[in-house]
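# Structural characterization, general
Spelled out, the chains give:
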Amino acid sequence: MTWPIGTGQHFVGVYNISEDKTYFYQKGHGTEIVVIESRDGYAYPDVRERIGEIAFREFEESLELAKMAHEDWDVDEFLTGKQTPVLFGTALAPKDHDTVERTVKADEEKFSGF
């Protein structure tokens, strides 16, 4: 499970809980995600500086809650509807998605991210 570090213009990357590793992204590539660096753990002074002390504390508090609620991924539990992934979104424009049965168009009236 990954957890975002920062939000909006202060988003700098994600922390992977299972790996205990942080992946830092480079801005300005549109829908392409460019990993510029990865580090073990997440508590780095330069990250605190980039997103600010208050935002970093909020990240740590929300990460603690996420860790308490985190369950190991189980494909069988997912396939039987007993476990569901939780995903956080970005401000990227919606796009079409291929499924087993058909392509779901992002501009379909019944399509929603909520």
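Before going into details, it helps to say that this report is about the structure given with it. (Residues numbered from 1 in each chain as written. Predicted model: local features only at pLDDT ≥ 70, side-chain atom pairs only at ≥ 80, totals over all residues. Heavy atoms only, no water.)

Once that is clear, we can look at a negative patch on the surface. Residues Glu71, Asp72, Asp74, Asp76 and Glu77 make up a contiguous surface patch of negative charge. Turning to its location among the elements, Asp72 is positioned in the loop between helix H2 (53-69) and helix H3 (75-79). (Patch = residues over 30% accessible without salt bridge, like charges linked within 9 Å, V, L, I, M, F, W, Y side chains within 5 Å. Areas by Shrake-Rupley, 256 points an atom, 1.4 Å probe, with all protein chains shown as cover. Salt bridge = Lys/Arg side-chain N within 4 Å of Asp/Glu carboxyl O. Lys, Arg positive; Asp, Glu negative; His and termini not counted. Charge placed at Lys NZ, Arg CZ, Asp CG, Glu CD. Helix = DSSP H or I, 4+ residues; strand = E, 2+ residues; numbered from the N terminus.)

This model, assessed by the stated rule, comprises seven salt bridges. With a closest N to O distance of 2.8 Å, Glu53 and Arg48 form a salt bridge. Given the relative accessible area of 37%, Glu53 is considered partly exposed. A single salt-bridge network, built from bridges that share partners, covers Arg48, Glu53, Arg57 and Glu60. (Buried < 20%, exposed > 50% of the residue type's maximum accessible area, 1.4 Å probe, protein only.)

Okay, the packing of aromatic side chains next. Here the structure, examined in full by the defined rule, presents five aromatic pairs. Here the aromatic rings of Tyr15 and Tyr42 are separated by 5.0 Å at their centres, their planes lie at 70 degrees, and the arrangement is edge-to-face. One end of the pair, Tyr15, is in strand E2 (residues 13-16); the other, Tyr42, is in the loop between strand E4 (34-40) and helix H1 (45-51), with 27 residues separating them in the sequence. Residues Tyr15 and Tyr42 agree in their burial class; the two are buried. Where Phe56 meets Phe59, the ring centres are 5.8 Å apart and the plane angle is 50 degrees; that geometry is what we call tilted. Of this pair, Phe56 and Phe59 both sit in helix H2, three residues apart, which is roughly one turn of that helix. The exposure classification of Phe56 matches that of Phe59, with both residues buried. The ring of Tyr44 carries Arg39 above its face, with NZ or CZ at 4.6 Å from the centroid. (Phe/Tyr/Trp six-rings, centres within 6.5 Å; stacked < 30°, edge-to-face > 60°. Lys NZ or Arg CZ within 6 Å of the ring centre and 35° of its normal.)

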